[in-house]
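Each chain, letter by letter, is given below.
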Amino acid sequence: MLWPVVFPLKITLWLLAGFVFVATVTAPVCKWRVEKAFLVSSFLAIIAFVPLCSGIGTYVNAGRFGVFEYESFDEIQDPRVEWYLPPTARKIVVDKQAMGHRAKYEVELDDLLSFLDDEWAASQGSSAITREELDDGQETVMSYFELRFDALDWKLPESAMRFHSPVASDGAGAIYYFDESSGMAFHHAGYW
C-alpha cells in the first residue's frame, strides 16, 4: 500500500491547487489575462509537484517515522502500533517505519500469550498460515532476530522464545520474541 505518500501528496495537491487558484483570481489585478495566468500557474505547479511533494514528505515523515519512547500503551496514538502491542506493555521503545515497526517493551509472559490467543481467536481461522505451522514457543534463531533488528543494538538472550500473530493474506503480521528472565519482549510487525 502507498499510505506513507498519501498525506504528503494531499498537502502538495492542495497547496498547488491553491497557488493556481490565487494566481488565476489575482490575474486581473496584475493586468494579466486570466487564461494566461491559469496556464502559466498550472505549468509551474506541474514542474514544482515532484520536488515540493518530496520536500513535504521529508518534513512530515520526520515526525511520523523513527524511534519513539513511551511509558505505557495509553501514550501511543498510532493504530498500526497499537494493533500489535499488548495493552499491558510498559517502557516501550518503537522504531516506526513506513511499512512496519519494531518494538521493545516489558510485559508478563501470561499477558503476551493472552494477547496473542485473543488475536488468533479474533482472526477466526482467516490467517494465511495456521498457528501450528508457525512453531510458537520455540527458541529463537538468533540470526533471524539480528536480521530483523539490525542497527538498533537490541540484544536478546539465546534462550528467548518466539511467537507469531495471525498472518494476513498479504503477509502482514508480527513475530514476537520474549525473554522470560528479563520480562522483555520484542516484536517486528509488517503491514501494507
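In case you missed it, the structure is sitting above this.
All values reported here derive from a predicted model rather than from experimental measurement.

### Structural notes on the packing of aromatic side chains
- Tallied over the full model, the rule gives one aromatic pair.
- The interplanar angle of 70° and the centroid separation of 6.4 Å between the aromatic rings of phenylalanine 115 and tyrosine 176 together place this pair among those described as edge-to-face. Here phenylalanine 115, found in helix H4 (residues 109-123), pairs with tyrosine 176, found in strand S6 (residues 173-179); they are 61 residues apart in sequence, far enough to count as distant.
- Sitting above the plane of the tryptophan 32 ring, lysine 36 keeps its charged end 5.2 Å from the centroid.
- Taking NZ or CZ as reference, lysine 96 lies 4.8 Å from the ring centre of phenylalanine 68, over its face.

### Quick look at the side chain of serine 41
- Here serine 41 is to be found in helix H2 (residues 34-64).
- On the basis of relative accessibility, which here comes to 2%, the residue serine 41 falls in the buried class.
- Of the polar contacts made by the side chain of serine 41, one reaches the backbone oxygen of alanine 37; its length is 2.8 Å.
- Those residues in contact with serine 41 that sit more than four places away from it in its chain are Phe19, Val20, Ala23 and Thr24.

### Some words on H4
- If you check H4, its first and last C-alpha atoms are 21 Å apart, about what 15 residues at 1.5 Å a residue would give, namely 21 Å.
- Where H4 is buried, its residues contact strand S3 (100-106), strand S5 (161-164) and S6.

### Examining a nonpolar patch on the surface
- Together, Phe19, Trp32, Val40, Phe43, Leu44 and Ile47 make up an exposed nonpolar region whose accessible area comes to about 570 Å².
- Counting residues per element, the nonpolar patch draws most heavily on H2, which supplies four residues.
- Relative to the assigned elements, phenylalanine 43 resides in helix H2.

### Structural notes on the pattern of salt bridges
- Using the criterion set out here, one finds six salt bridges in the structure.
- Measuring nitrogen to oxygen at the nearest pair gives 3.8 Å for the salt bridge that ties arginine 33 to glutamate 35.
- Residue arginine 33 is classed as exposed on the basis of its relative accessible area of 57%.
- What emerges from the salt-bridge pattern is a single network uniting Arg90, Lys91, Glu106 and Glu108.

### A few points about the pairing of strand S2 (residues 90-97)
- Strand direction decides the pairing type here: strand S1 (residues 66-72) and S2, joined by six bridges, are antiparallel. Of the residues in S2, the one forming a bridge with valine 67 is aspartate 95.
- Inspection of the sheet shows S2 paired to S3 by six bridges, in the antiparallel sense. From the neighbouring strand, valine 94 faces S3, where its bridge partner is alanine 103.

### Quick notes on the sheet that holds strand S7 (residues 184-190)
- An order of S1-S2-S3-S7-S6-S5-S4 is seen for the seven strands of this open sheet, with the pairing classed as antiparallel. Pairing within the sheet leaves two strands with one partner each, and these edge strands are S1 and strand S4 (138-139).
- The strands touched by H4 are S3, S5 and S6; relative to S5, the strand with the most contacts, the crossing angle is about 25°.

### Quick word on the nonpolar core
- Core analysis: the biggest nonpolar cluster contains 25 residues, and Leu85, Ile92, Tyr105, Leu112, Phe163, Tyr176 and Phe178 have the highest contact counts within it.
- The set of elements that each furnish at least two residues to this core consists of S2, S3, H4, S5, S6 and S7.
- The biggest single contributor to this core is H4, with four residues.
- Discounting residues that sit within four places of it in the chain, tyrosine 105 has contacts with Leu85, Pro86, Ala89, Arg90, Lys91, Ile92, Leu112, Tyr176, Gly183, Met184, Ala185 and His187.
- One finds Trp154, Ala160, Ile175 and Tyr177 within the second-largest nonpolar core, a separate group that totals 12 residues.

Rules behind the numbers
Residues numbered from 1 in each chain as written. Predicted model: local features only at pLDDT ≥ 70, side-chain atom pairs only at ≥ 80, totals over all residues. Heavy atoms only, no water. Phe/Tyr/Trp six-rings, centres within 6.5 Å; stacked < 30°, edge-to-face > 60°. Helix = DSSP H or I, 4+ residues; strand = E, 2+ residues; numbered from the N terminus. Lys NZ or Arg CZ within 6 Å of the ring centre and 35° of its normal. Buried < 20%, exposed > 50% of the residue type's maximum accessible area, 1.4 Å probe, protein only. Polar contact = N/O pair within 3.5 Å; in protein donor to acceptor, adjacent residues only side chain to side chain. Contact = heavy atoms within 4.5 Å. Expected span 1.5 Å × (residues − 1). Patch = residues over 30% accessible without salt bridge, like charges linked within 9 Å, V, L, I, M, F, W, Y side chains within 5 Å. Areas by Shrake-Rupley, 256 points an atom, 1.4 Å probe, with all protein chains shown as cover. Salt bridge = Lys/Arg side-chain N within 4 Å of Asp/Glu carboxyl O. Pairing = 2+ DSSP bridges. Axes fitted to C-alpha atoms, helices over the stretch in contact; angles between N-to-C directions. Core = buried A, V, L, I, M, F, W, Y, C linked by side-chain atoms within 4.5 Å.

The quantities given are spatial measurements derived from coordinates; they are silent on function.
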